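# Summary of the model geometry
Residue strings, one per chain:
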Amino acid sequence: MHVDIFDQFQFSESKVHSLDPRIKVLVAVAFILSNALLPDGSWLAFGVAWFFLLLANDLSNLGLGFTLKRSVIALPFAVVAVSAIFSPRGEPLGVWDLGFMTLIPTDAGLIRFASILLRSWLSVQIAILLVATTQFPDLIHALEHLRLPRTLTTIIAFLFRYLFVLTNEVFRILRAREARSARLPGVSGGGSLGWRLKTTGSMAGQLFTRSYERSDRIYQAMISRGYAGHIRTLNPHRIQSRDWLVLIVSAAVLMLIQLVGWIL
Amino acid sequence: MLYAPTYLHIPDGFLTLVVSVIFWAVTIIMVWLAVSKTNKSLGEKQIPLMGVMAAFIFAAQMLNFPIAGGTSGHFLGGALAAIVLGPWAGILVMTAVVGVQALLFQDGGLLVMGANIFNMGILTAVVGFGLYRLVVHQKRGLRLAVAGGGAWMATMAAALVTALQLWLSGTTRLEIVLPAMLGVHALIGIGEGLITVAALAYIEQTRPDLLNAEKTAREGGRGWVVGGVLITLAAVFLSPLASGSPDGLERVAENLGFLGTGQDAPYQILPDYTIPFLGETALSTILAGVVGAALVMGLLVLVGRNLQRRSEV
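All values derive from a computational prediction rather than experimental measurement. (Residues numbered from 1 in each chain as written. Chains lettered and ligands numbered in written order. Predicted model: local features only at pLDDT ≥ 70, side-chain atom pairs only at ≥ 80, totals over all residues. Heavy atoms only, no water.)

### A look at a nonpolar patch on the surface
Residues and elements named next belong to chain A. A cluster of nonpolar side chains, Leu44, Leu259, Trp262, Ile263 and Leu264, forms an exposed patch at the surface whose accessible area comes to about 630 Å². At 3 residues, the largest contribution of residues to the nonpolar patch is made by helix H10 (residues 241-263). Within the secondary structure, Leu264 sits in the segment after H10. Judged by relative accessible area, Leu264 falls into the exposed class, the value being 69%. (Patch = residues over 30% accessible without salt bridge, like charges linked within 9 Å, V, L, I, M, F, W, Y side chains within 5 Å. Areas by Shrake-Rupley, 256 points an atom, 1.4 Å probe, with all protein chains shown as cover. Salt bridge = Lys/Arg side-chain N within 4 Å of Asp/Glu carboxyl O. Helix = DSSP H or I, 4+ residues; strand = E, 2+ residues; numbered from the N terminus. Buried < 20%, exposed > 50% of the residue type's maximum accessible area, 1.4 Å probe, protein only.)

### Some words on the confidence of the model for chain B
Residue and element names in this part refer to chain B. Summary statistics for chain B give a mean pLDDT of 75 and a share of 70% for residues scoring 70 or more. Confidence, expressed as mean pLDDT per element, reaches its minimum in chain B at helix H11 (residues 258-261) with 34 and its maximum at helix H5 (residues 113-134) with 93. Considering only residues more than four positions removed or in separate chains, one finds that residues 1-5, a stretch of pLDDT under 50, has 14 contacts. (pLDDT = per-residue confidence, 0-100. Contact = heavy atoms within 4.5 Å.)

### Topic: unusual backbone geometry
Residues and elements named next belong to chain A. Non-glycine residue Asn61 carries a positive phi angle of around 65°. Mapped onto the fold, Asn61 is located in the loop between helix H3 (43-59) and helix H4 (66-70). Unlike most non-glycine residues, Arg147 shows phi in positive territory, near 75°. As for its placement among the helices and strands, Arg147 is situated in the loop between helix H7 (136-145) and helix H8 (150-179).

### Describing the packing of aromatic side chains
All names here are of chain A. One pass over the full model with this rule turns up 11 aromatic pairs over all chains. Judged by centre distance (6.0 Å) and plane angle (40°), the ring pair of Trp50 and Trp121 falls under tilted. Of this pair, Trp50 sits in helix H3 while Trp121 sits in helix H6 (residues 107-133), placing them 71 residues apart in sequence. Overall, the relative accessible area of 25% leaves Trp121 in the partly exposed class. Taking the centre distance of 6.0 Å and the plane angle of 35° together, the rings of Phe208 and Tyr212 count as tilted. Placement of the pair is Phe208 and Tyr212 together in helix H9 (residues 193-223), with a separation of 4 residues, close to one helical turn. Classification of Tyr212 as buried rests on a relative accessible area of 14%. One aromatic cluster is present, built from ring pairs that chain together Phe136, Phe160 and Phe164. (Phe/Tyr/Trp six-rings, centres within 6.5 Å; stacked < 30°, edge-to-face > 60°.)

### A closer look at the interface of chain A and chain B
Listed by partner, the interface residues are 75 residues for chain A and 67 residues for chain B. Between chain A and chain B, roughly 6,600 Å² of surface is buried when both sides are summed, and carbon and sulfur atoms account for 79% of that area. Area buried by chain A at its contact with chain B is led by A:Phe77, A:Leu159 and A:Phe208, which between them contribute 11% of it. At the junction of chain A and chain B, the tally comes to 1 salt bridge. Between B:Arg207 and A:Glu213 there is a salt bridge, with the nearest N and O atoms lying 3.0 Å from each other. Inspection of the chain A/chain B interface yields 6 residue pairs in polar contact (both at pLDDT 80 or more). (Buried area = accessible area lost by both parts, 1.4 Å probe. Polar contact = N/O pair within 3.5 Å; in protein donor to acceptor, adjacent residues only side chain to side chain.)

### Considerations on the packing of helix H1 (residues 17-41) of chain B against H5(B)
Helix-helix packing: each pair is described by the crossing angle between the helix axes and the interaxial distance. Residues and elements named next belong to chain B. For the pair H1 and H5, interaxial distance at closest approach is 7 Å and the crossing angle is 55°. Between H1 and H5, the crossing angle belongs to the class labelled oblique. Along this stretch, H1 crosses H5, giving a crossing that reads as left-handed. Contacts between H1 and H5 pair Phe23, Trp24, Val26, Thr27 and Met30 from the former with Met113, Gly114, Ala115, Ile117, Phe118 and Ile122 from the latter. Taken together, the residues of the contact of H1 with H5 break down into 9 nonpolar, 2 polar and no charged. (Axes fitted to C-alpha atoms, helices over the stretch in contact; angles between N-to-C directions. Parallel < 35°, antiparallel > 145°, perpendicular 65-115°, else oblique. Left-handed = near helix turned anticlockwise from the far one by under 90°. Nonpolar A, V, L, I, M, F, W, Y, C, P; charged D, E, K, R; others polar.)

Right under this line is the structure:
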């Protein structure tokens, strides 16, 4: 696995890509916050929010449906919210007798369920867009400017850098297991469950000691190159008037969404 | 498969703003404490170590092992990180892991990240490390057994609090989701516990210096033990109370007629999770929880003794 699998969209150029990462983080978080603040069933406001999202998609040159296609990742969790349909508040819409249990969906419950799904679906899309249009080191740098402790941002930077190295290490270990697990067709191999668990545990331990010793070597190498406790960047990250404009317009749109949601 | 999401990563939209903000506040305080503690006690050398360890937790989550019928064990790693690196460093490592999972994989939301970090980083560190710290000067077998039990308990505590957060936000009905969450994670937790034990056993063999009792005891004081034991007790008390109304499985059985005609299984020590002579009161449910927890702990001690004896031979 290579770092490219996340970076394939981050190097294209567009109005969204070239925004200051701080502004992008702020607008994304404000958008998610605005969704959380909208009352249940304010469909028009959700619609305006979706339009904002489409506009951002369009400006990023990634295609109108870019985030829509990738937003299915949030779907499995929706199962958890299904039980909200049967909220006791609200008028019953009918009785579903499943044989072993009786479910009574209510109108308020249905509205709640749909609203939760819409909020989650809109929020995950802006997060997808943020990551697709921002290089990860820039994102970390933006978080540092937004007063995240430097210790934490440095850990995250290391995590990102070595994630791919260690993932390849995992593939090596898995390949080694495969290579030693010959089995005849029709005969299940691999020993008992306990044996398999012990093997997996040893693999985790092996991975741990290799990572630990690698971090030692990394530290020595960094010391000899002048590491003083944090990672430096040559990117100045200066907020320009265009960035301010985007921030103000986005804030105005989000206010409008709130107004639509609470008044209409 | 690159990465398997679990039901502990709450996406945006599933928690109300109030719940999100409360857990952000708790998380920010704990992470801030962790940053200042690690800055004070550890040198800059620790930062690359924690970063690589965070990548390790990430990569280790790909080490799935087949159990049966398509399900596979999954590894969260919070307890293991806290035991090996110390609780504060463990919290920082898990914060980075949860943050990157949300940012890169969209597994877990941004506004609800405070709650996710609390569940998967802070709770697991307190429970996993706290219980381990309790027996840190004991024999190897007992330590490993408690570490495994602690990792299981940490997974259960995370599942319980996740269910409570969803319920507080009005997203779910507690009586449906809590038993489901606890049931699923009781299984996931077993894998977590066993991998934690096997990994610790391996580390102890190859790098005994990392699991030195004095070093571990220095990294977190008695406060962690109190916290770990308190949360464990709270989880044991709360789970039966919260799912006090007939839980999903039981309702299925009841409606299908199993409960009426089926015989009691011979291994069912605490029928219906209540003590028979106390009747079906909250007290009885709580007592049943305590007895159950005591049984599990007793079992762990027995298993630990057994392992100990075998390793001495």
